[in-house]
Amino acid sequence: MSTRLERASLQVRSEAPVASRAVLEITGLARQFGSHEVVRALDLTLAPGERTALWGPNGSGKSTVLRCIAGTLDPTRGDVRVDGHRAGTLAARRAVGASLAQERSFYLRLTGWANLLFFARLRSSSEREARLRVAALEEELELAHITAERVDRCSTGMVQQLGFARALLGDPKLILLDEPTRSLDEDARGRLWGALDRRPGVAVLIATHLKEDVERCDERVDFPH
Amino acid sequence: MTSASTFLIRPRIPRAILALAYRDYAVNRTYRLGFILDFGFGFANLVVFYFISRTVQGVGDLDRLNGAPSYFAFVAIGIALSGVITAAAAGLAQQLREEQLSGTLEMLVVQPVGISGLAIGLAAWPFAFAMLRAALYILVGGGLLGISFRETDWFGFVVVLITAAAAFSGLGIFLGALVLVVKRGGAVVGLLVFVLGALSGAYFPLAVLPGWLEAIGTVLPTQHAFSGLRNATFIGTDWAGSALVLLAFAAVTVPLALLAFHFALRHTRRAGTLNQY
């Protein structure tokens, strides 16, 4: 693993070799909330299969960057492209699988299965494909005990596993994970990293403050407070 | 900025609409008592108006009632259509508000669904439920409470119902855009839907209103929906003009409303308020 620490600035560019067209290209990304500049002039490129950690304490702007890539937040300045498409466009959203704020992002009165199937339907061309995708993920991530439960009866860690499964739906080229292992037990963490390892062509961007997550990545971009 | 092609109906959209509608059905099914109470309240409402109608029988001028043989027949159609109009005009706004409060809106917006698919899909279940409820009211009104459908042009009935729903879905998408931006737009939505119903002849003929209010009611598109549906139901003719007006209203308002929804969504992305409530 190669890590870099650039505390003076967020002007960081990945030095990993770009094997083919970049899946993610961020140029001069800045985001302000009022007069508070949360992210300043971030440059970042991710090639297929590359795994990068955005590392820093709470409130340092990591999640803001993920939201700009997912297309739920517009940059104040700069450009974000996913698979060559501007972030937030339909084509870009098709290429992104995201797990952002997991705790409040599911329909609590539905089961885990019904939730995953709903999101799979939005990313599949047929009902059969959607069901197959959910079934495959349920088996791969050993989620049967979670998908059978209504989400309002699941623990934080169980919901977090569902959030990760949802990010994998639709075979995205880029996966965005916000603190993906924060509430997971050791087995669940193993399944998460195993699933990412089985997708060597997928670029992964992880916002985290945990060293263990960083060690699983090829690159690290520091977000000082 | 999302490209203009986002506004077009894409082949994917029907799947997204079905998925959203089925999800909302599944969520609502978990509130079984709510389902039963909803229908129960609607039935009770009809019964109350049935007895009001019997009380005022012989009072007033039947010529004012769009061919309806009684006040109850007049108001039953008004109640059934009001539910459909309310769902078309307020369904999306209510659904968006629920998504904001439950925190699911952001994950929904991340999905590869266009503006049209999102707006129509979120409004689809409330609308389908309102249509079902309207059908039940008509059945109860006809089967148990004596409304006659001998003169009904059912083709005209369905055409007016569908064009009315299309016309007011434009308004519904506008109100959805309002909720995206101001969050707590429920009061505005409720007031607007109430005024549209009350001033357009849902519960009483426009002719009983003071002149200036009647003038306002006459130009409201909802008035065409009520008069068109009553004409189709009780006279069996003279509904096509109303359907055309509603269709024209839909043709103008729906594209404009989708544009407004697009800009509202863009505003929330710029302001960073998509995951706020």
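Residues numbered from 1 in each chain as written. Chains lettered and ligands numbered in written order. Predicted model: local features only at pLDDT ≥ 70, side-chain atom pairs only at ≥ 80, totals over all residues.

## Section: the overall build of chain A
Phase 1: When you go through chain A residue by residue, the secondary structure sums to 8 helices and 9 strands.
Phase 2: Evaluated residue by residue, chain A yields a buried proportion of 50% over its 225 residues.
Phase 3: For chain A, the proportion of contacts with a sequence separation of at least 24, taken over those separated by at least 6, is 74%. (Helix = DSSP H or I, 4+ residues; strand = E, 2+ residues; numbered from the N terminus. Buried ≥ 20, exposed ≤ 12 C-beta atoms within 10 Å, placed from the backbone. Contact = placed C-beta atoms within 7 Å.)

## Points about the packing of helix α3 (residues 112–122) of chain A against helix α6 (residues 156–168) of chain A
Residue and element names in this part refer to chain A.
Phase 1: Running from N to C, α3 and α6 cross one another at 25°; their axes reach a closest spacing of 10 Å. As summarised for this structure, α3 and α6 are arranged roughly parallel, according to the angle between their axes. As α3 packs across α6, the resulting crossing turns out to be right-handed. Here G112, N115, L116 and F119 of α3 lie close against α6, whose contacting residues are L162, A165 and R166.
Phase 2: Tallied by class, the residues present in the contact of α3 with α6 amount to 4 nonpolar, 2 polar and 1 charged. (Axes fitted to C-alpha atoms, helices over the stretch in contact; angles between N-to-C directions. Parallel < 35°, antiparallel > 145°, perpendicular 65-115°, else oblique. Left-handed = near helix turned anticlockwise from the far one by under 90°. Nonpolar A, V, L, I, M, F, W, Y, C, P; charged D, E, K, R; others polar.)

## Description of unusual backbone geometry
Phase 1: Phi is positive for E179 of chain A, which is not a glycine, with a value near 45°.
Phase 2: By C-beta crowding, E179 of chain A is classed as buried, having 20 other C-beta atoms within 10 Å.
Phase 3: At D238 of chain B, a residue that is not glycine, the phi angle is positive and equals roughly 60°.
Phase 4: Checked against the element boundaries, D238 of chain B lands in the loop between α9 (221–235) and α10 (240–271).

## Examining the interface of chain A and chain B
Phase 1: Every contact between the two is made by 26 residues of chain A and, on the other side, 26 residues of chain B.
Phase 2: Elements with a contribution of two residues or more to the side of chain A that touches chain B: α2 (90–95) and α3 of chain A.
Phase 3: The element that contributes the greatest number of residues to the side of chain A that touches chain B is α3 of chain A, accounting for 5 residues.
Phase 4: Here the residues of the side of chain A that touches chain B sort into 14 nonpolar, 5 polar and 7 charged.

## Concerning the sheet that holds strand β7 (residues 174–178) of chain A
Residue and element names in this part refer to chain A.
Phase 1: In spatial order, the strands read β6-β7-β8-β3-β9; together these 5 strands make up an open sheet with parallel pairing. Each edge of the open sheet is held by one strand with a lone partner, namely β6 (96–99) and β9 (219–222). The sheet shows a mean angle of 15° between the axes of neighbouring strands, taken without regard to direction. (Pairing = 2+ DSSP bridges.)

## Regarding the nonpolar core
Phase 1: Judged by nonpolar contacts, the single largest core of 153 residues is most densely connected at L24, I69 and L174 of chain A together with A76 and A164 of chain B.
Phase 2: Among the elements that take part in this core, helix α3 (residues 71–102) of chain B stands out by supplying 19 residues, more than any other.
Phase 3: Once residues within four sequence positions are removed from consideration, A164 of chain B is found in contact with L81, V84, I85, A225 and L246 of chain B. (Core = buried A, V, L, I, M, F, W, Y, C linked by C-beta atoms within 7 Å.)

## Side note on the confidence of the model for chain B
Residues and elements named next belong to chain B.
Phase 1: In this model, chain B carries a mean pLDDT of 86, and residues with pLDDT of at least 70 account for 94%.
Phase 2: Within chain B, the lowest mean pLDDT, 79, falls on helix α7 (residues 186–198), and the highest, 93, falls on α10.
Phase 3: In this model residues 1–12 is a low-confidence stretch, pLDDT under 50, and it forms 14 contacts with partners more than four residues away in sequence or in other chains.
Phase 4: Interface confidence in the predicted complex, given as ipTM, is 0.86; pTM for the same model is 0.85. (pLDDT = per-residue confidence, 0-100.)

## Structural notes on the pairing of β7 of chain A
All names here are of chain A.
Phase 1: Within β7, 5 of the 5 residues are buried, which leaves the element mostly enclosed by the surrounding structure.
Phase 2: Judged by which residues are buried, β7 turns out to be covered on both faces: L174, L176 and D178 on one side and I175 and L177 on the other are all buried.
Phase 3: Bridging between β6 and β7 involves 4 bridges; their strand directions are parallel. Bridging across to β7, V96 finds its partner in L174.

## Concerning the confidence of the model for chain A
Phase 1: The predicted model of chain A averages 89 in pLDDT, with 90% of residues at 70 or higher.
Phase 2: Predicted confidence is poor over residues 1–19 of chain A, with pLDDT under 50, and the contacts of this stretch with residues over four places away or in other chains come to 42 contacts.

## As for α7 of chain B
All names here are of chain B.
Phase 1: For α7, which comprises 13 residues, the first-to-last C-alpha distance of 18 Å matches the rise-based estimate of 18 Å (1.5 Å per residue) to within 8%.
Phase 2: For α7, the complete set of buried residues consists of V189, V193, L196 and G197. The buried side chains of α7 occupy one side of the element, clustering within an arc of 95° when seen end-on. For α7, the exposed residues set more than 90 degrees away from the buried face come down to A187 and L191.
Phase 3: Summarising the contacts, the buried residues of α7 are in contact with α3, α6 (154–182) and α9. (Expected span 1.5 Å × (residues − 1). Arc of directions from axis to C-beta.)

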